[in-house]
Number of protein chains: 2
Amino acid sequence: MNASSASVSSVNPIQQLENQLCFPLYAASRMLTKAYQPLLQEFDLTYPQYLVLLLLWEHQERTVKELGEHLLLDSGTLTPLLKRMEQRQLISRRRDPRDERSVIIGLLPAGEALRQPTCRIPEQLFEKMGFPLTEFEALRDQLNNLLTRLR
Amino acid sequence: MNASSASVSSVNPIQQLENQLCFPLYAASRMLTKAYQPLLQEFDLTYPQYLVLLLLWEHQERTVKELGEHLLLDSGTLTPLLKRMEQRQLISRRRDPRDERSVIIGLLPAGEALRQPTCRIPEQLFEKMGFPLTEFEALRDQLNNLLTRLR
DNA sequence: TAAAATTTAATTGTACACAATTAAATTTTA
DNA sequence: TAAAATTTAATTGTGTACAATTAAATTTTA
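The paragraphs below set out a description of the structure included in this document. Note that the coordinates shown come from a computational prediction; the quantities given were computed from them, not determined experimentally.

What follows covers the interface of chain B and chain A. Each partner contributes to the interface: chain B provides 64 residues, whereas chain A provides 64 residues. Inspection of the region where chain B meets chain A yields zero salt bridges. The interface formed by chain B and chain A holds 12 residue pairs in polar contact (both at pLDDT 80 or more) in total. Broken down by secondary-structure element, the contributors of at least two residues to the side of chain B that touches chain A are α1 (22-41), α2 (47-58), α3 (64-71), α6 (115-118), α7 (121-129) and α8 (133-150) of chain B. The residue inventory of the side of chain B that touches chain A, partitioned by class, reads 38 nonpolar, 18 polar and eight charged.

Written as C-alpha cells, this is what we have:
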C-alpha cells in the first residue's frame, strides 16, 4: 500500500465501512424498513406510523411521552406524525384532564380496524427474507442488548 | 388475557416491539448515529456526510452512482447532501467528460484535512460503549449477512 | 405558599430518506 | 444508423429525525 498513490490512500482498516458497526446497522435498518414499505403502503402507513399502532394495539391509550419512551422518539418527531394520523382518524389526541401537560393518544375505530389485516406482515416479511430463525433470534437479542447499552 | 378489556387488547406476540427484528434495528441505528453526533459535530459533519468522506478517503474520486451503491442511497438523498459538502469545499462535483451522465465527486483539501483528526472516532465510540469485542464482531457480521440478503 | 425548577408538547429550522418524475446522455436494437 | 431502451443525476413532494427553543402546567423547594 502506497500512501502517496494518486487514487488510493493508505487506509485505516477501522475507517472502512465493512469493519464498522454503525454502517451495517444504518444500512440494514433502512433496507428492512424499505422491505416493510410495500406491505404497509397497502394500508397507507409509514413504518413509524405502524409502530405507533403496534403500541396502541397493546394499550388503547398512551401519552405522547409514553410513545416516545417506547419508540425512542421525541415530540419533534411524534407531534407532526401523530397529527397526520389524527387527520386520518386513526387516532385521537386530547390533553389529560388530570395533567394538562400530557397529551393522550387514543386508538380510534379506523386504527383498530387495521390490526387484523396487518397482523401477518411480520411473518410475511420474515418468510420473504428466508433468514434462519436461529439467526433471526440471535440478531434480535444482540440488537436489544446493544440498545440497552445505548439507551 | 381478555380480548374485550378496555385498556389491554389480546396481543399477537409477533406484533410486540421486542419480538421484532426491524424495531431494534431501527432504534439501535438511530441511537448509534446519535452517539456519533457529538464526536462529528466538532467537525460540523453529519453521519451520512462522514460516510461519504470515509469512501473518498479510500478513493479520492467516486461517481455519485458509486457512492450510492456503497451507501445504498439514491440521488434524491445524495445530490443535496453533496451540494452542501461542495459549498463547504470539502468535495468537488463535476461531470465526467467521458460520460456526461455521471458526476464525479472529488476529495478537496478541506475534506482530506478531516481525515487524521477524525480517525479515532470509531475507537472512541467503541470504548465509550463498552461493548465486548467478540459481541461487536458477531453483531457486525450478522448485520452484514442480513444486509446481503436485503440487497 | 410563592418562587424556582422540572416536565411535557409544540414549534422552528436543518438534514436526511425515498418514491416518482424529468431530462439529458449513452447504449442497444431493429 | 435512427428509434427505442437504458442509465445517470436532478428535481419534486412527503415524511421522518433531531437539536434547540418556547410556553404552559406541575412539582419541588426555600
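Okay, back to it.
Our next topic: the state of the cysteines. With the rule as written, the count across this model stands at zero disulfides over all chains. As a non-bridged cysteine, Cys 119 of chain B has Cys 22 of chain A as the owner of its nearest cysteine sulfur, 17 Å distant. On the accessibility criterion, Cys 119 of chain B (17% relative accessible area) is buried.

Residues and elements named next belong to chain A. Three or more residues of helix α7 (residues 121-129) are buried, namely Ile 121, Pro 122, Leu 125 and Met 129. One side of α7 holds all its buried residues, which, seen down the axis, span an arc of 100°. Gly 130 lies just past α7 and shows a positive phi near 65°.

Rotating chain B by 180° about the axis while translating it 0.0 Å along that axis superimposes it on chain A, leaving an RMSD of 0.0 Å. Such values leave the two copies arranged in the relation of a two-fold axis. Mapped onto chain A, 100% of the interface residues of chain B again fall at the interface, so both copies present the same surface.

We now examine the protein's contact with DNA strand C. Taken together, 29 residues surround DNA strand C, and among them Tyr 26, Ser 75, Thr 79 and Lys 83 of chain A together with Thr 46 of chain B come closest. For DNA strand C, the fraction of protein-proximal atoms (within 4 Å) that sit in sugar or phosphate groups is 80%. Arg 101 of chain A is positioned with one of its side-chain polar atoms (N or O) 3.3 Å from a base oxygen of DNA strand C. At 2.9 Å, a side-chain N or O of Arg 84 of chain B approaches a phosphate oxygen of DNA strand C. Residue assignment for the surface near DNA strand C shows that the elements contributing at least two residues are α1 (22-41), α3 (64-71), α4 (75-87), β2 (91-96) and β3 (99-107) of chain A together with α2, α4 (75-87) and β3 (99-107) of chain B.

Residues and elements named next belong to chain A. It is at 11 Å that the axes of helix α2 (residues 47-58) and α3 come closest, and there the two elements cross at 110°. Here α2 lies roughly perpendicular to α3, going by the angle between them. In terms of crossing hand, the pair formed by α2 and α3 is right-handed. Counting all contacts with α2, which are made through Leu 51, Val 52 and Leu 55, the residues of α3 involved are Leu 67, His 70 and Leu 71.

The rules behind the values
- Residues numbered from 1 in each chain as written.
- Chains lettered and ligands numbered in written order.
- Predicted model: local features only at pLDDT ≥ 70, side-chain atom pairs only at ≥ 80, totals over all residues.
- Heavy atoms only, no water.
- Contact = heavy atoms within 4.5 Å.
- Salt bridge = Lys/Arg side-chain N within 4 Å of Asp/Glu carboxyl O.
- Polar contact = N/O pair within 3.5 Å; in protein donor to acceptor, adjacent residues only side chain to side chain.
- Helix = DSSP H or I, 4+ residues; strand = E, 2+ residues; numbered from the N terminus.
- Nonpolar A, V, L, I, M, F, W, Y, C, P; charged D, E, K, R; others polar.
- Disulfide = S-S within 2.5 Å.
- Buried < 20%, exposed > 50% of the residue type's maximum accessible area, 1.4 Å probe, protein only.
- Arc of directions from axis to C-beta.
- Least-squares fit on C-alpha atoms with pLDDT ≥ 70 in both.
- Near = heavy atom within 4 Å.
- Axes fitted to C-alpha atoms, helices over the stretch in contact; angles between N-to-C directions.
- Parallel < 35°, antiparallel > 145°, perpendicular 65-115°, else oblique.
- Left-handed = near helix turned anticlockwise from the far one by under 90°.

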